[in-house]
Amino acid sequence: MSAQKSILYAHATIITINPSREIILDGALLVTDSRIIAVGKTQTLLQNLPKDTQVTSLRNRIILPGLINTHSHLAQSLLRGLAEDLPLHSWLCDAIWPLEANYDADDGYVAARLTIAEMLKSGTTCFLESMLTHRSGFENVVKAVGESGIRGCLGKLVKFEESNKKLNIADPRDKDVQSMSISSMLEAHRKYHGSFNARLHVWAAAGTPRGSPLSSHLGIGEACREHDIGLTMHCAEAPKDLTIYRESYNCTPMEFCRDAKLTGPKTVLAHMVHLDLAVDLPILKETGTTVAHNPNSNLKLASGITKVPQMLETGVNVSLGTDGAPCGNTYDMFREMHLAGILHKGANFDASIVGAEEALEMATINGAKALGLEKEIGSLEVGKNADFVVLNPGGLHAAPYAEEQILDGGVNPITTMVYSCTGADVEMVVVDGEVLVSGGKLVKVDEKEILEAAKKSIRGIRERSGIKAVNRKGWKYI
């Protein structure tokens, strides 16, 4: 049996996000193996260290809980930039779905490695993958998670053939619909859930209801409840979605989810832009269902703005997600926090709502609650997993932030992180006590090799699908 390894991360500003919301100046975090053993003032923790503890000084740095991305598409990083400035219907039907239907061999593995590398370097330590298609290869993504050291919840897609002829939607992925069944999801859960020292969880990702029988979705809900499986779904994203629910099912989006048993404390519904608030917010609250807010994606695809202030006021748990690279362009959760902290002010003409603190909570402890992992991650507390990020706010873009001036009325570390910093300011990332990013560099993987593999894969996907980036109007290459 190997000896326990202890490291004291000292002399930092620590944003604990504990129940008292304590911010520790000149703080320290003691980690033994994969767990947080102590959190407090550096001088206090230095006085009683375990034998052979390594001390790492992090002066002028901020330590925060690892960021939790509750709506992401790992296989879509390869499609970045191929469907720009398109409305959602065209974006899906004319570009993304045909591209995804032409993944081959190791493309899903290459894409997952690229996405995970970007996530880690920008401070994400845990994610929920919201729709792993058959062609991406579930095993590909499992392998990438295992190798990388990140914590992940993989949503195995369960969908039914598009049957609503009024919508004029053709999904080329339906050729693999038999491989996206409830039974295949249950088999993936049996085989992979709890892998890699419980870093990997298997979820169900329900296809978006567009006219398929409610009974089919009820089958998903019942299977998840019977086997205690987390469930995620894209819901009420597009402007026409509320009308589709009413015309196809004679109900609101949340009435549908409730009746199909798709709600609950381990359900994450993404987007949730077009709701009947009077009906849907109480159902969200009563069922403990989480909303994954995706401000970047919803703005770029012109989907609208989720009513986050009303959700928070009602007591709904709201987390954050980046969505995929084709509609958000990055997996940088700092950018999502920034948008979440400013978007609703402008939309509501009220500068006081959804502030930096709420945005940070969405990206950390709220995300942990969404995944049913709030006892393990989401805050820096004794006994929790050592998942955390070290940020360097010393750049010109964050100046004149200075820890030594905070108590004299100087700049707040949380507003500095949310409104001034980006993922590029991340110096260190630790998951389960293991350092995965150090000095801003990936520790376990070869970044250059990941980049070259991505370029090779997307060339083949473009050629097989026939989908190419469109030249911009009035602009030409010479």
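Structure report, in brief.

Notes on the overall build of the chain
Part 1: If you tally the helices and strands in the chain, you get 18 helices and 17 strands.
Part 2: Taken against the 2.2 N^0.38 rule, which gives 23 Å for 478 residues, the C-alpha radius of gyration of the chain at 22 Å falls within 12% of a compact globule.
Part 3: Over its C-alpha atoms, taken along the principal directions, the chain stretches across nearly 70 × 55 × 50 Å.
Part 4: Taking contacts inside the chain between residues at least 6 apart in sequence as the whole, the part at least 24 apart equals 75%.
Part 5: Total accessible area on the chain is roughly 19,700 Å²; 51% of this is exposed by carbon and sulfur atoms.

Overview of the packing of aromatic side chains
Part 1: Counting across every chain of the model gives 5 aromatic pairs.
Part 2: Taken together, a centroid distance of 5.6 Å and an interplanar angle of 65° make the contact between Y245 and F256 edge-to-face. Highlighted residues: Y245 in helix α8 (residues 241-249) and F256 in helix α9 (residues 253-259), separated in sequence by 11 residues.
Part 3: Taken together, Y245, Y249 and F256 form an aromatic cluster joined through their ring pairs.
Part 4: One Lys or Arg, K143, reaches over the ring of Y109 and ends 4.4 Å from the middle of that ring.

As for the layout of surface pockets
Part 1: Its boundaries defined by the atoms lining it, the second largest pocket holds a volume of some 340 Å³.
Part 2: Lining the second largest pocket are 17 residues, with L82, E84, A469, V470 and R472 sitting closest to its centre.
Part 3: Looking at the lining of the second largest pocket residue by residue, the class counts come to 8 nonpolar, 3 polar and 6 charged.

Focus on the pairing of strand β15 (residues 426-431)
Each regular strand displays side chains that alternate between the two surfaces of the sheet.
Part 1: Burial analysis of β15 places 5 of its 6 residues in the buried class, which makes it a mostly covered element.
Part 2: The sheet contact formed by strand β14 (residues 388-391) and β15 spans 4 bridges and is antiparallel. Counterpart to V389 in the pairing with β15 is V429.
Part 3: Taken together, β15 and the strand that follows it, strand β16 (residues 434-438), pair antiparallel across an intervening segment of 2 residues, in which D432 is found at a positive phi of about 55°.

A look at empty space enclosed by the protein
Part 1: By the definition in use, this model includes 3 cavities of 30 Å³ or more.
Part 2: Taken together, 13 residues make up the lining of the largest cavity; nearest its centre are I116, L120, S148, V445 and I450.
Part 3: Per element, the largest residue contribution to the lining of the largest cavity is 4 residues, and it comes from helix α3 (residues 107-121).
Part 4: Grouping the amino acids of the lining of the largest cavity by side-chain chemistry returns 9 nonpolar, 1 polar and 3 charged.

Quick word on the sheet that holds strand β11 (residues 267-271)
Part 1: Taken together, the 8 strands give an open sheet; going across it, the order is β6-β7-β8-β9-β10-β11-β12-β13, and neighbouring strands pair in parallel fashion. Here the strands that pair on one side only, and so sit at the sheet edges, are β6 (67-72) and β13 (318-320). Within the sheet, the average angular offset between the axes of one strand and its neighbour, ignoring direction, is 25°.

Quick look at the side chain of T322
Part 1: Mapping T322 onto the fold places it in the loop between β13 and α13 (325-328).
Part 2: A relative accessible area of 0% means that T322 is categorised as buried.
Part 3: A distance of 2.8 Å separates the side chain of T322 from the side chain of N69, its partner in a polar contact.
Part 4: Setting aside anything within four residues of it in sequence, one finds T322 in contact with N69, H71, S72, N294, G328, T330, Y331, D332, M333 and E336.

Notes on the pattern of salt bridges
Any two side chains of opposite charge can pair if their charged atoms end up close together.
Part 1: On inspection of all chains with the given rule, the structure shows 18 salt bridges.
Part 2: Ionic pairing is found between D107 and R464, a salt bridge with its closest N-O pair at 2.8 Å. Placement of D107 in helix α3 and of R464 in helix α18 (residues 447-465) is noted, with a sequence separation of 357 residues between them.
Part 3: A residue is classified by how much of its surface remains accessible, and D107, at 6% relative accessible area, is buried.
Part 4: Residues R246 and D276 are paired through a salt bridge, measuring 2.9 Å at the closest nitrogen-oxygen approach.

With respect to the environment of T16
Part 1: Locating T16 in the fold gives a position in the loop between β1 (6-15) and β2 (23-32).
Part 2: Under the relative-accessibility criterion, T16 is labelled buried at 1%.
Part 3: With 117 residues separating them in the primary sequence, T16 and T133 have C-alpha atoms 36 Å apart.
Part 4: Not counting residues up to four positions away in its chain, the partners in contact with T16 are R21, E22, I24, V39, P65, S379 and L380.

Focus on the state of the cysteines
Part 1: Evaluated as defined, the whole model comprises 0 disulfides.
Part 2: Unpaired in terms of disulfides, C235 finds its nearest cysteine sulfur in C257, a separation of 4.1 Å.
Part 3: Note on C235: relative accessible area 0%, which makes it buried.
Part 4: Cysteine C327 remains unbridged, with the sulfur of C93 as its closest cysteine sulfur at 15 Å.
Part 5: C327 sits in the buried class, given a relative accessible area of 1%.

Structural notes on the packing of helix α14 (residues 333-348) against helix α17 (residues 413-420)
Part 1: Taken N-terminus to C-terminus, the directions of α14 and α17 make an angle of 95°; their axes are 7 Å apart at the nearest point. Here α17 runs roughly perpendicular to α14, going by the angle between their axes. In contact with F334, M337, H338, G341, I342 and K345 of α14, α17 contributes M417, V418 and Y419.
Part 2: Taken together, the residues of the contact of α14 with α17 sort by class into 6 nonpolar, 2 polar and 1 charged.

Quick notes on helix α2 (residues 88-100)
Part 1: Relative to the 18 Å expected for 13 residues at 1.5 Å per residue, α2 spans just 16 Å between its end C-alpha atoms, considerably shorter than the ideal helical length.
Part 2: Within α2, 10 of the 13 residues are buried, which leaves the element mostly enclosed by the surrounding structure.
Part 3: Listing the buried residues of α2 in full gives L88, W91, L92, C93, A95, I96, W97, P98, L99 and E100.
Part 4: Residues of α2 that are buried in the fold lie against α13 and α18.

About the thresholds
- Residues numbered from 1 in each chain as written.
- Predicted model: local features only at pLDDT ≥ 70, side-chain atom pairs only at ≥ 80, totals over all residues.
- Heavy atoms only, no water.
- Helix = DSSP H or I, 4+ residues; strand = E, 2+ residues; numbered from the N terminus.
- Rg over C-alpha atoms; globule rule 2.2 N^0.38 Å.
- Contact = heavy atoms within 4.5 Å.
- Areas by Shrake-Rupley, 256 points an atom, 1.4 Å probe, with all protein chains shown as cover.
- Phe/Tyr/Trp six-rings, centres within 6.5 Å; stacked < 30°, edge-to-face > 60°.
- Lys NZ or Arg CZ within 6 Å of the ring centre and 35° of its normal.
- 1 Å grid on protein atoms, 1.4 Å probe; cavity = no way out; pocket = protein on both sides within 12 Å on 5 of 7 lines; lining within 4 Å.
- Points joined across faces, edges and corners; volume = space filled by probe spheres on them.
- Nonpolar A, V, L, I, M, F, W, Y, C, P; charged D, E, K, R; others polar.
- Buried < 20%, exposed > 50% of the residue type's maximum accessible area, 1.4 Å probe, protein only.
- Pairing = 2+ DSSP bridges.
- Axes fitted to C-alpha atoms, helices over the stretch in contact; angles between N-to-C directions.
- Polar contact = N/O pair within 3.5 Å; in protein donor to acceptor, adjacent residues only side chain to side chain.
- Salt bridge = Lys/Arg side-chain N within 4 Å of Asp/Glu carboxyl O.
- Disulfide = S-S within 2.5 Å.
- Parallel < 35°, antiparallel > 145°, perpendicular 65-115°, else oblique.
- Expected span 1.5 Å × (residues − 1).

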